[in-house]
Amino acid sequence: MGDVGPGIDVPVRRSGAVEALPGGAVKSTMNISLLARFHARSVGAGAARSIILWAALAILVLTGLGYQLASARAERVMLEELSAYVAQRGRAESQPFLAAEANLEMVRDRFLELYNDPAVLPAPRFEEWFVEDRHGALRLRREYFEGRRDADGTLRRGTSGFMGRKRPPLTPELRRRLVLAYQLVDRFGPAWIGQFDNFHISLPENALIIHWPGGNWGWNADPELDMVAGAVIRSTLASENPSRRPVWSGLYYDLTAGHWALTYQLPVDLGGRHLINPSHDIRVGDLVRRLAEDHPLGGRNLIVSEAGKLVAQPERMADILRNRGVLDIAQLGDPALRTVHQALRDQVMGRVATGESRILWIDALDAYVAFTRIEGPDWWFVTIFPGDLVSREAHRAAGLILVGGLLLLGLTSLIVLSVLRRRVARPLAALENASRRIAAGDHQSVAGDEIDLPDDRQDEIGLLARAFRSMAAEIGSASAELERNVAARTVELQLANRRLEQLSLRDGLTGAFNRRALDSDLDAAVTRARELGIPCTLLLCDIDHFKLYNDHHGHLAGDEVIELVASTIAQCVPDERVYRFGGEEFAAILDPTLCDPAAIGEQLVRRIAALGIPHPSAPRGQVTISVGIATADEGTSEASALLLAADEQLYRAKEEGRNRACWKRPDGGRVSKAA
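Each value, and the rule that gives it
Residues numbered from 1 in each chain as written. Predicted model: local features only at pLDDT ≥ 70, side-chain atom pairs only at ≥ 80, totals over all residues. Heavy atoms only, no water. Phe/Tyr/Trp six-rings, centres within 6.5 Å; stacked < 30°, edge-to-face > 60°. Helix = DSSP H or I, 4+ residues; strand = E, 2+ residues; numbered from the N terminus. Buried < 20%, exposed > 50% of the residue type's maximum accessible area, 1.4 Å probe, protein only. Lys NZ or Arg CZ within 6 Å of the ring centre and 35° of its normal. Core = buried A, V, L, I, M, F, W, Y, C linked by side-chain atoms within 4.5 Å. Contact = heavy atoms within 4.5 Å. Arc of directions from axis to C-beta. Polar contact = N/O pair within 3.5 Å; in protein donor to acceptor, adjacent residues only side chain to side chain.

Draft legend 1. Main features of the packing of aromatic side chains. Inspection of the entire model under this criterion finds twelve aromatic pairs. With a centroid separation of 5.5 Å and 80° between ring planes, the pair formed by Phe97 and Trp379 is classed as edge-to-face. Of the two residues, Phe97 sits in helix H2 (residues 45-115) while Trp379 sits in strand E19 (residues 379-386), which places them 282 residues apart along the sequence. By the burial criterion, Phe97 is buried, and Trp379 matches it. Consider the rings of Phe513 and Tyr579, whose centres lie 5.7 Å apart with planes at 40°: the pair is tilted. Placement of the pair is Phe513 in the loop between helix H13 (460-504) and helix H14 (515-532) and Tyr579 in strand E21 (residues 578-580), with a sequence separation of 66 residues. Comparing Phe513 with Tyr579 shows no difference in burial state: the two are buried. Its guanidinium or amino end placed over the ring of Trp219, Arg142 lies 4.0 Å from that ring's centre, counting from NZ or CZ. Here the guanidinium or amino end of Arg577 rests over the ring plane of Phe513, the centre of that ring lying 4.0 Å away.

Draft legend 2. Representation of the nonpolar core. In this structure, Phe97, Phe111, Ile201, Ile303 and Phe371 are the most contacted members of the largest nonpolar core, which totals 85 residues. Here this core gets 14 residues from one element, more than from any other, and that element is H2. The contacts of Phe371, once residues within four sequence positions are left out, are Val86, Val340, Ala343, Leu344, Val348, Glu356, Ser357, Arg358, Leu360, Trp380, Phe381 and Val382.

Draft legend 3. Just helix H7 (residues 285-293), in detail. Among the residues of H7, those classed as buried are Leu287, Val288 and Leu291. Down the axis, H7 shows its buried residues gathered within 100° of arc, on one side only.

Draft legend 4. Summary view of the environment of Arg290. By secondary structure assignment, the location of Arg290 is in helix H7. A residue is classified by how much of its surface remains accessible, and Arg290, at 27% relative accessible area, is partly exposed. As for Arg290 and Glu93, which are separated by 197 residues in sequence, their C-alpha atoms are 9.8 Å apart. Setting aside its immediate chain neighbours within four residues, Arg290 contacts Arg89, Glu93 and Asn301. Separated by 2.5 Å, the side chains of Arg290 and Glu93 make a polar contact.

Put into C-alpha cells, the structure is as follows:
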C-alpha cells in the first residue's frame, strides 16, 4: 500500500495485477489481453510488416532528397529577399542626404555665378538689409523675418541674419557677399523648408543667414557669439578641412524641433579663398523610427559609421542622446557591435557598389548580417538576422515535402492494414480505450454500456472484453470510496500549506512582508538589474530614537507606533511592497523607471513627521524617521552590496541629524533632504 498521509492508503500499481482487488480477476484479465495481442500479431502481421517497411524505405529516400533540395532553395530565396530589402532600405534612406547634397551644390553654383558677375549688386545699399545694434552686432532687419512685400507684391518672410561683434572690417566685398547670401537663402529657403528643418548660409567672418520661420534667430543671437569658434562652422575652415570636403556633423537631438537631426555643410571657395558655407539641418527622426518599426520579422536594424561610431540603434537611442549623438563602438563593451564593425571594415567597405548590399554569415553572432551604404554621411545600414530563423523558414518549406512523403507512407500503410483493422485493430482499440477509461477512473462507462466493446464475439477478444467489464465494475466500487477520502485530505493539506506559506512571509505585528521575503525579493531584483539591465532601488527606514520611546511609553505603545509607521509607508510605496527589516526598521523595493525613489523617501519623512506622534525623549519632541536610498544597476553583483549601500545612506541620514532622506546621485554626489 502507498502512504500519502495520516490514515490514507491507496493501491500501488504492479505489472499485470492490482492486488488490492479480490479474486484475482484483474490478473486473469491481463493474461487474456496478452493472448489477444499475440493472436492479433499472428494474423498476417509478418507480410504486412514487410510490405510497409519496404514502402517506407523507398518513400523516405525520395522524401529525403526532395527535402534537401527544397531546404537549400528556400534558404537561397530568403537570403535574396533579405538582400533586396536591405538594398532598398539603403537607397530609400539615402534620398534625404542626396537631396541635401544636390540642393547645396545648386546653391554653390548659383552663388559663384552671381559673385563672379560684376553687374550683380555692384554697390548694394547695405543698410536696406542690415542694421547694427547697440552692441555692435549686425542683424538682418526685422521686416525680412516678419514680412515685407517687394515692389511687385512678393511677400518675403521667415529669414533672419546675424554677424557677431567679433568680425573683420565690413569691406564692400564682404557687404556684397552678405547680401548675396541673404538673397539666395530667401529664394531657396521657402521651397525647401518642408523637406528640411531649415536652410542657412554661414560665412567664415562669423556671420549666418538662415531661413527658419520657427523663430527670429538673427535677433535672438547673443552679440558676443563667436560661431567660428564652434565645432560646426570651424570644421569648414581651410585650417580644419584642407581637402575642402563637404562636412557632415554627427547625429544630435534637436531639442527645439523635438527630433533627431544632423547638419550638412558645403564649403565654397574661389581662388583659394573661403567665401560661404551653404548648409541644411536634416531631420532623421523618421529614419530612427523606421529602424525600430520596419525590420524583417525576428531581425534587428542599426546604423554605424565607417569611423566606428554607433549612429542609431533603437534600444540605445537614450545612450546616444546622453552622449550627444556619438557612441564609440570600441568603448561600448558590446562584442556583437565590435564584430559587426570589424566585418564592415574588413569585408564590406570598398566592395559594395552604390545601391547594392552584401550579406555575411558571422559565426560569433550565429546570424546573417546584411550591409548597405547610406549615401552622404559615410553611414552603413545594417540588418542582423538570426541564422536559426533562416534555417527554420527553409525547414518549414522543405517540411511540406516531408509531410507529403509521410502522407504517402500513411496511405500505403492504410491499404495494407485495412483488412487487419476490421477484425483485429478495431476491437483492440475499443479494449485500449476501455483500459484508458479505467486508468482515468471512469469505471462506470466501461462497466455499463456506454463504451462499445466486442463482448458479443465468441473468441478470445470477446472473452477479453467481458473480463474488462467485470474488472471495471469491481475497481469502480473500490476506487469511489478511496477517491472521496483522498480528496478530502488533499484539500485540507493544501489549505494548511497555503496558510503556512503566507504566514512564513509576513510580519505578525504589522502585516508587512518579513526579512525572509525581503531577502528573496531583493536577490531577484538585483539579479534582474545585473543580467537584464532593469534597475531597482532599495529604501531603508528607521524610526529615530525608538528605544527611548519604548523605554518611556512601554512596548505596547511602541508596537502601535510601529504599526502606524508601517501603514504610512505602505500608503506611499507603489504596489505596497513594504518589509519589516528589523525591530523598528522597514524596507521597500522600488522600480526607479516607474517612480522617483528620492521623492518617495522625502515623502515618507514628511508623512511620518506630519503624524505628530509625541516623543518627549527625542530632540524634536515627536516620532520621526530616517531614510537611506540606494540603486542597483548592471554593476551591482550581490543583494548584500545594495543592502550595504542603502544602510550607509541610512547611517549618513542619522549622522546628519535624522528626520531626513539621504541618497547617492548617479554622478557620485550625495544628497540629503530633511523634512
